Amino acid sequence: MADWYNTTVDYVTDFNLWIDVGIAIAIFIAFVIFRKLFTKYIFRLISRLTDKSSTKVLHKILMAFEKPLNAFFIFLGLYLAYESLDMRTEDVHLPLRLFRTSVIILVTWGLINLSSSSSILFRSIHRRLDLQMDQILIPFFSRVLKVVIGAIAISVLAQEWGYNVNGFVAGLGIGGLAFAFAAKEALGNLFGGVVIIMERPFSIGDWIQTPSVEGIVEDIGFRSTQVRTFADAHVTVPNANIANEPITNWTRMRKRRISFNLGVEYTTPKEKLEKVVERIRNLLKEHEEVHPELIIVNFDNYNSSSLDIMIYFFTKTTAWINFLDVKQDINLRIMEILDEEGVSVAFPSRSIYMENTHQQMHPVRDEPQDPGSTTAPGGNIDKRADGSRGHGNEDGE
């Protein structure tokens, strides 16, 4: 009788256990199904309702937490399924601790998505507070915010699992000096990036030139700046280097300079030269693409093989291709002016003048002279072909 009773109890216990397992599995499946329904219908409905100009921020928040919410239902289903089993473990707080850890990680995931540089958060701050946020600042602040969120999440997780965060922070102060020496270059690049961000000598998309690199700025990070050269090469420049170099930002030109000397032939008459100078000056003043602030056209210099006309002006456009088009148009018009005035452009040349002088040689005269004298009465000395010196005539020949 006792054996039968014990067997019956075991069967009942096993049956109840299987019922509990079935209930746990059913709870987990229910949350999985609800997750799919929530994603497909409820979340999309809320997203459409908030996708308006007045609720744009709420819509972006929902989109940032979409994937964390999907994962949250999985973890919540697992936790509730485990709790329904009423199982006892050595650490009774372990299931709840695991669930809270998953929640912290998911919230961190959503906040990092929200702090993305493409997030509307920074755009809204810029629009509402009317802050002059450069294209550099948005990615930089986004990365800083991500680092802060990650550090806070790690601190909260450490406290959740019973670690003393205060002792860790105090230890950082002791090892900070050694870390500073070990990471001197990394810190130099970091502070170089901060200098670039604060002073803003250039922005993303600008054409810059330094002694080490020239090209278009693609990205500015904590350690380095990414530059795309005109040869389509990708150059990574440490921030510490680029912050200590002279930087020329060609994108911020308000106008673009053209300066050259036009050399004409020395045979050009004065009247023609004045006419050419005046016509070129009028051409630049009337050209719609030439900046009127400073135009210089003057006869400037007597060069070795030309008369130089200095031409100095600025174009309104700073775009390189448009600048070349304007420069070409002006050069062609100057050629027309020279052709119409009959003035030729000089080219480097040298004229050599050869003088053929024939000196008549005369015999030495029998005239008394001072024994120490080396000259004839006429006063000149002629030099014969054999190297001897003879007396010249009275006319100096």
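Owing to the predicted nature of the structure, the values given are computational and were not obtained by experimental measurement.

### Overview of the packing of helix α10 (residues 270–286) against helix α11 (residues 320–341)
- For the pair α10 and α11, interaxial distance at closest approach is 10 Å and the crossing angle is 150 degrees. Accordingly, the angle class assigned to the pair α10 and α11 is roughly antiparallel. In this structure, the crossing between α10 and α11 has a hand that is right-handed. Where α10 approaches α11, its residues Lys 272, Lys 275, Val 276, Arg 279, Ile 280, Leu 283 and Leu 284 are matched on the opposing element by Ile 330, Arg 333, Ile 334, Ile 337, Leu 338, Glu 340 and Glu 341.
- Here the residues of the contact of α10 with α11 sort into eight nonpolar, no polar and six charged.

### Quick look at the side chain of Ser 224
- Turning to its location among the elements, Ser 224 is positioned in strand β3 (residues 224–228).
- Given the relative accessible area of 8%, Ser 224 is considered buried.
- A distance of 3.0 Å separates the side chain of Ser 224 from the side chain of Gln 226, its partner in a polar contact.
- Residues within four places of Ser 224 in sequence aside, it is in contact with Thr 236, Val 237, Pro 238 and Asn 239.

### Here we look at the packing of aromatic side chains
- Tallied over the entire structure, the rule returns six aromatic pairs.
- Where Trp 207 meets Trp 250, the ring centres are 5.8 Å apart and the plane angle is 35 degrees; that geometry is what we call tilted. Pair noted here: Trp 207 is in strand β1 (residues 207–209) and Trp 250 is in the loop between β5 (248–249) and β6 (256–264), with a separation of 43 residues, a long-range link.
- Residues Phe 299 and Tyr 302 carry aromatic rings whose centres are separated by 5.2 Å and whose planes lie at 80 degrees to one another, so their mutual orientation is edge-to-face.
- Classification of Phe 299 by relative accessible area gives partly exposed; the value is 33%.

### Regarding the nonpolar core
- If you look at the biggest cluster of nonpolar residues, it comprises 23 residues, and the most contacted ones within it are Ile 280, Leu 284, Val 297, Ile 309, Ile 311, Phe 313 and Ile 334.
- Every element with two or more residues in this core is listed here: β6, α10, β7 (290–302), β8 (307–315) and α11.
- Residues Ile 196, Ile 208, Val 227 and Ile 242 belong to the second largest nonpolar core, which totals ten residues.

### Points about α11
- Here α11 contains 22 residues, and its C-alpha end-to-end distance of 32 Å stays within 8% of the 32 Å for a straight helix at 1.5 Å per residue.
- Taken as a whole, α11 has its buried residues at Phe 323, Val 326, Ile 330, Ile 334, Ile 337, Leu 338 and Glu 341. Seen from one end, α11 has its buried residues packed into an arc of 115 degrees, which puts them on one side. Those residues of α11 that are exposed and aimed more than 90 degrees away from the buried face are Ile 321, Asp 339 and Glu 340.
- Of the surrounding elements, those touching the buried residues of α11 are β6, α10, β7 and β8.

### Structural notes on the pattern of salt bridges
- Enumeration over the complete set of coordinates arrives at ten salt bridges.
- In this structure, Arg 228 and Glu 218 form a salt bridge, with 3.0 Å as the shortest nitrogen-oxygen distance. Of this pair, Arg 228 sits in strand β3 while Glu 218 sits in strand β2 (residues 214–220); the two residues are ten residues apart in sequence, bridging distant segments of the chain.
- For Arg 228, a relative accessible area of 27% puts it in the partly exposed group.
- Exposure remark for Glu 218: the relative accessible area of 36% places this residue in the partly exposed category.
- Two residues, Lys 275 and Glu 341, come together in a salt bridge whose shortest N-O distance is 3.7 Å. One end of the pair, Lys 275, is in helix α10; the other, Glu 341, is in helix α11, and 66 residues separate them in sequence.

### Here's the deal with the sheet that holds β7
- Ordered in space as β6-β8-β7, the three strands form an open sheet in which the pairing is antiparallel. Of all strands in the sheet, those bounded by a partner on one side alone are β6 and β7. Strand-to-strand twist in this sheet, taken as the mean axis angle between neighbours without regard to direction, amounts to 15 degrees.
- For β7 and β8, the ladder comprises eight bridges, and the chain directions are antiparallel. Looking across to β8, one finds that Asn 298 is bridged to Met 310.
- Sheet strands touched by α10: β6, β7 and β8. Its angle to β7, the strand with the most contacts, is close to 165 degrees.
- Sheet contacts for α11: β6, β7 and β8; angle to β6, the most-contacted strand, approximately 25 degrees.

### Let's talk about the packing of helix α3 (residues 66–85) against helix α4 (residues 94–114)
- With their axes 10 Å apart at the nearest point, α3 and α4 run at an angle of 175 degrees to one another. With respect to α4, the element α3 is oriented roughly antiparallel. Residues Lys 67, Pro 68, Ala 71, Phe 72, Phe 75, Leu 76, Tyr 79, Tyr 82 and Glu 83 of α3 touch α4, and the partners they reach there are Pro 95, Leu 96, Phe 99, Ser 102, Val 103, Leu 106, Trp 109, Gly 110 and Asn 113.
- Looking at the contact of α3 with α4, its residues break down into 13 nonpolar, three polar and two charged.

### Things to note about the environment of Asn 70
- Assignment of secondary structure puts Asn 70 in helix α3.
- Note: C-alpha distance between Asn 70 and Phe 34 (36 residues apart in sequence) is 9.8 Å.
- When neighbours within four sequence positions are excluded, Asn 70 is seen to be in contact with Arg 35 and Thr 39.

Quick notes on the rules
Residues numbered from 1 in each chain as written. Predicted model: local features only at pLDDT ≥ 70, side-chain atom pairs only at ≥ 80, totals over all residues. Heavy atoms only, no water. Axes fitted to C-alpha atoms, helices over the stretch in contact; angles between N-to-C directions. Helix = DSSP H or I, 4+ residues; strand = E, 2+ residues; numbered from the N terminus. Parallel < 35°, antiparallel > 145°, perpendicular 65-115°, else oblique. Left-handed = near helix turned anticlockwise from the far one by under 90°. Contact = heavy atoms within 4.5 Å. Nonpolar A, V, L, I, M, F, W, Y, C, P; charged D, E, K, R; others polar. Buried < 20%, exposed > 50% of the residue type's maximum accessible area, 1.4 Å probe, protein only. Polar contact = N/O pair within 3.5 Å; in protein donor to acceptor, adjacent residues only side chain to side chain. Phe/Tyr/Trp six-rings, centres within 6.5 Å; stacked < 30°, edge-to-face > 60°. Core = buried A, V, L, I, M, F, W, Y, C linked by side-chain atoms within 4.5 Å. Expected span 1.5 Å × (residues − 1). Arc of directions from axis to C-beta. Salt bridge = Lys/Arg side-chain N within 4 Å of Asp/Glu carboxyl O. Pairing = 2+ DSSP bridges.

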